[in-house]
Amino acid sequence: SSGVNAEYGEVEEPKEAEKNLQSCLDVIDLEPVNKYNISLRLHVHNILATVWSGRNDHDKAYQLLEKAKELHAGYLHSKEPPPRAYDEIFMDEKFSSEERNVMFEKLYTNTLFYLAQVYGVRGDNKQAAAHCHITLQRQLEADEFDPLDWSLNCATLSQYYVTMNNYVSARHTLACASSVLSNVQESSENSQYSDESYDNEKILKTRADIERCWIKFCVNLLKDSVADLEASDLSDKVSKITEMKNTFEDEEDKVEEEEKKEKEEEEKKEDEKIEDLEAGEKEKEKTVEEEEVSSCTNNLVHHFVIRPDLSDRW
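On a predicted model such as this, the values are computed, not experimentally measured, just so you know.

The rules we used
Residues numbered from 1 in each chain as written. Predicted model: local features only at pLDDT ≥ 70, side-chain atom pairs only at ≥ 80, totals over all residues. Heavy atoms only, no water. Helix = DSSP H or I, 4+ residues; strand = E, 2+ residues; numbered from the N terminus. Salt bridge = Lys/Arg side-chain N within 4 Å of Asp/Glu carboxyl O. Buried < 20%, exposed > 50% of the residue type's maximum accessible area, 1.4 Å probe, protein only. pLDDT = per-residue confidence, 0-100. Contact = heavy atoms within 4.5 Å. Axes fitted to C-alpha atoms, helices over the stretch in contact; angles between N-to-C directions. Parallel < 35°, antiparallel > 145°, perpendicular 65-115°, else oblique. Left-handed = near helix turned anticlockwise from the far one by under 90°. Nonpolar A, V, L, I, M, F, W, Y, C, P; charged D, E, K, R; others polar. Expected span 1.5 Å × (residues − 1). Phe/Tyr/Trp six-rings, centres within 6.5 Å; stacked < 30°, edge-to-face > 60°. Polar contact = N/O pair within 3.5 Å; in protein donor to acceptor, adjacent residues only side chain to side chain. Core = buried A, V, L, I, M, F, W, Y, C linked by side-chain atoms within 4.5 Å.

Quick word on the environment of Asn 101
Checked against the element boundaries, Asn 101 lands in helix 5 (residues 97-121). Sequence-wise, Asn 101 and Pro 83 are 18 residues apart; in three dimensions their C-alpha atoms are separated by 7.0 Å.

A short note on the pattern of salt bridges
Side-chain pairs of opposite charge can arise where the charged atoms are in close proximity. On inspection of all chains with the given rule, the structure shows seven salt bridges. Across the pair Lys 106 and Glu 144 runs a salt bridge, and its minimum N-O distance is 3.7 Å. Of this pair, Lys 106 sits in helix 5 while Glu 144 sits in the loop between helix 6 (125-142) and helix 7 (147-163); the two residues are 38 residues apart in sequence, bridging distant segments of the chain. What makes Glu 144 partly exposed here is its relative accessible area of 39%. For Asp 209, the salt bridge identified is with Arg 212, shortest N-O distance 2.2 Å. With a gap of three residues between them, Asp 209 and Arg 212 both fall in helix 9 (residues 200-306), about one helical turn apart. The exposure class of Arg 212 is partly exposed, given its relative accessible area of 45%. A single salt-bridge network, built from bridges that share partners, covers Lys 205, Asp 209 and Arg 212.

Comments concerning the confidence of the model for the protein
Confidence in the prediction of the protein, expressed as mean pLDDT, is 81, and 80% of residues score 70 or more. Taken together, the stretch residues 310-314 has pLDDT below 50 and engages in one contact with residues farther than four places along the chain or on a different chain.

Observations regarding the environment of Lys 205
With respect to the secondary-structure elements, Lys 205 resides in helix 9. On a C-alpha basis, the gap between Lys 205 and Leu 148 in space is 9.7 Å, while along the polypeptide they are 57 residues apart.

Things to note about the packing of helix 3 (residues 38-54) against helix 4 (residues 58-77)
Running from N to C, helix 3 and helix 4 point in directions that differ by 165°, and their axes come no closer than 8 Å. Judged by the angle between their axes, helix 3 and helix 4 are roughly antiparallel. The two elements helix 3 and helix 4 cross, and the hand of that crossing is left-handed. Here helix 3 contributes Ile 38, Arg 41, Leu 42, His 45, Asn 46, Leu 48, Ala 49, Trp 52 and Ser 53 to the contact with helix 4, which in turn contributes His 58, Lys 60, Ala 61, Leu 64, Leu 65, Lys 67, Ala 68, Leu 71, His 72 and Tyr 75. For the contact of helix 3 with helix 4, a count of residues per class yields eleven nonpolar, five polar and three charged.

Re unusual backbone geometry
The backbone of Asn 56 sits at a positive phi, close to 65°, despite the residue not being glycine. Residue position: Asn 56 is located in the loop between helix 3 and helix 4. Unlike most non-glycine residues, Lys 79 shows phi in positive territory, near 65°.

Notes on helix 5
In this model helix 5 runs 37 Å from its N-terminal to its C-terminal C-alpha over 25 residues, within 8% of the 36 Å that 1.5 Å per residue would give. Where helix 5 is buried, its residues contact helix 3, helix 4 and helix 6. Gly 123, located one to two residues past helix 5, shows a positive phi value of around 90°.

Brief notes about the packing of aromatic side chains
Applying the stated criterion to the full structure yields seven aromatic pairs. Plain terms: the ring middles of Tyr 75 and Phe 104 are 5.7 Å apart, the flat faces sit at 70° to each other, and that makes the pair edge-to-face. Of this pair, Tyr 75 sits in helix 4 while Phe 104 sits in helix 5; the two residues are 29 residues apart in sequence, bridging distant segments of the chain. For the pair Tyr 75 and Phe 104, one class covers both residues: buried. Aromatic pair Tyr 167 and Phe 217: ring centres 5.8 Å apart, planes at 65°, arrangement edge-to-face. A residue pair is termed long-range when its members are at least 10 positions apart, and Tyr 167 in helix 8 (residues 167-182) and Phe 217 in helix 9 qualify at 50 residues.

Structural notes on the side chain of Ser 39
Summarising the element assignment, Ser 39 is placed in helix 3. The class for Ser 39 is buried, based on a relative accessible area of 2%. Within polar-contact distance, the side chain of Ser 39 engages the backbone oxygen of Arg 84 at 3.0 Å. Not counting the four nearest positions on each side in its chain, Ser 39 is found in contact with Pro 83, Arg 84, Ala 85, Tyr 86, Phe 104 and Leu 107.

Focus: the nonpolar core
Judged by nonpolar contacts, the single largest core of 23 residues is most densely connected at Leu 148, Trp 150, Ala 155 and Phe 217. Elements with a minimum of two residues in this core: helix 6, helix 7, helix 8 and helix 9. With eight residues, the single largest contributor to this core is helix 7.

Written out as structure tokens, the structure reads:
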């Protein structure tokens, strides 16, 4: 059923696909999560999410994929053995525990891959880049990837890191892209990844796209380096100007302090002069008074000396 529903999505019959997939999910939900249905649950959630995303309802797609993440984490936490592959429901062939685990983790890798796309459409570039990074890492570790697509996706991810000025991560992802691509020879006969689809033209185009990403990386790194140097020079200039300003203000304060002291000293000297003048005036007035008293006394004595007859009268 799920395979048929996937075909509906691929031939652009999303409405019919959504109806059948939802019916499938409703039936599965009648039973609790167990090792027999967990893989099918993840698969249906993934496919249904791609259908809703194709219908531009990215919120529903996001909810389904987040639910798939919860289901995967919950099953791992339960410590149950690797679950049955959903293909085993419709075929007699049985897989080993190791094969089942690989298939189960591949389903989860698809969940992360779809989530990266949904986050990108929703404008959450940070989460989109994070999920893309995890997806590429899981594909590489599981050795389940197309080397040309993988290397191009990895190089494309580097451009996000460039926009965030994270040149360490940008260089790392570009180096990974170049390394994987280098293993794909122009002649598929000598290639580590032998596949007839890897013709020379496709390989050369992928290599050109990756090299363009390298060029953008280098150009932006140089621009930001120049900007940092200019900012550093400007900072030094501002520091020097500030230092000169502070020095000037200190000198100005010192001059003002000296002028203030000189003014106070002048005022003090002026006050002392005034006090001296006042003291001189007082001394002068005192001298005049003493002279007047002395003059009066002399006159009186002279009067008595000149007219002694007056004393006889007494």
